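# Descriptive analysis of the structure
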Amino acid sequence: MSEVKLAAELRSEFGKGAARRVRRANRVPGVLYGHGADPVHLTLPGHELLLALRTPNVLISLEIDGKTELAIPKAVQRDAIKGFLEHVDLLIVKRGEKVNVEIPVHTEGELAPGAYLVEHVLNALPVEAEATHIPESVTVSVAGLAAGDAILAKDVPLPKGTTLAVEEDAVVVQVLAAQAEEPAAEAEGEGEEAAEA
């Protein structure tokens, strides 16, 4: 897992107006909390933070007034229309500490021949991992699966040091039979015949 270094500045102004001024300066307001410490209000570089957040559960090394803190993103607020970052909550972590996170689940392989669909019941799998070794994602094979088959949480291969934080029997991925719709023209024709009779 990669570690991203960001220079953060302490923030003393609060409220909508102050947040707008911070965003106009291409920075993002945020809060750093955890380990019983008082929340620290920060501003972070907008573009660098946006790039860092492309990696799920990225480990961020924050430089704040000459001190370094390790953190992971806990909540990210984006503008619903334009997609820019509005606010970020960061959780302080320590090296060697276990944290609960959700990691994306990817599928690979071809389903059995037929009209089948893969349904992701869990798009992200809750796991517990060491803060500096959080897996970016997990991949499961759906090769040869047919309707009615499912992959449970206990069947997902996890990297060493990572454990499930969800019940072992939780369905992660299941295979469904594709539903064929009747063409609209045939359905209308049947209705007309019934009306004539």
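Residues numbered from 1 in each chain as written. Predicted model: local features only at pLDDT ≥ 70, side-chain atom pairs only at ≥ 80, totals over all residues. Heavy atoms only, no water.

### With respect to unusual backbone geometry
- Even without being glycine, Asp-65 reaches a positive phi, approximately 50°.
- Tracing the backbone shows Asp-65 in the loop between β4 (59–64) and β5 (67–78).
- Classification of Asp-65 as exposed rests on a relative accessible area of 63%. (Helix = DSSP H or I, 4+ residues; strand = E, 2+ residues; numbered from the N terminus. Buried < 20%, exposed > 50% of the residue type's maximum accessible area, 1.4 Å probe, protein only.)

### Examining the sheet that holds strand β10 (residues 138–141)
- Here we have 4 strands laid out as an open sheet, ordered β10-β7-β9-β12, and mixed in their pairing. Because the sheet does not close on itself, it has two edges, and the strands there are β10 and β12 (163–164).
- Both strand β9 (residues 124–130) and β12 contribute to a ladder of 2 bridges, which runs antiparallel. Considered in β12, the bridge of Val-127 is made with Leu-164. (Pairing = 2+ DSSP bridges.)

### Overview of the layout of surface pockets
- As a volume, the largest pocket reaches approximately 170 Å³.
- In this structure, the largest pocket is lined by Leu-10, Leu-32, Ala-37, Asp-38, Val-40, Ile-64, Asp-65, Lys-67, Glu-69 and Ile-92.
- Elements with a minimum of two residues in the lining of the largest pocket: β3 (37–45) and β5.
- For the lining of the largest pocket, the leading source of residues is β3, giving 3 residues. (1 Å grid on protein atoms, 1.4 Å probe; cavity = no way out; pocket = protein on both sides within 12 Å on 5 of 7 lines; lining within 4 Å. Points joined across faces, edges and corners; volume = space filled by probe spheres on them.)

### Overview of the pattern of salt bridges
- Scanning the model with the defined rule gives 2 salt bridges in all.
- Between Glu-69 and Lys-94 there is a salt bridge, with its nearest N and O atoms 4.0 Å apart. Of the two residues, Glu-69 is situated in strand β5 and Lys-94 in the loop between β6 (85–93) and β7 (98–108); the sequence distance between them amounts to 25 residues.
- Assessed through its relative accessible area of 25%, Glu-69 is described here as partly exposed.
- Two residues, Lys-154 and Asp-169, come together in a salt bridge whose shortest N-O distance is 3.5 Å. Within this pair, whereas Lys-154 is found in the loop between β11 (150–152) and β12, its partner Asp-169 is found in the loop between β12 and β13 (171–177), the two being separated by 15 residues in sequence.
- Lys-154 sits in the partly exposed class, given a relative accessible area of 47%.
- On the accessibility criterion, Asp-169 (52% relative accessible area) is exposed. (Salt bridge = Lys/Arg side-chain N within 4 Å of Asp/Glu carboxyl O.)

### Quick notes on the pairing of β7
- Where β7 and β9 come together, 7 bridges link them in antiparallel fashion. Paired with Asn-100 across the strands is Glu-128, a residue of β9.
- With 4 bridges joining them, β7 and β10 adopt parallel strand pairing. In the strand pairing of β10, Glu-108 is matched with Ser-141.

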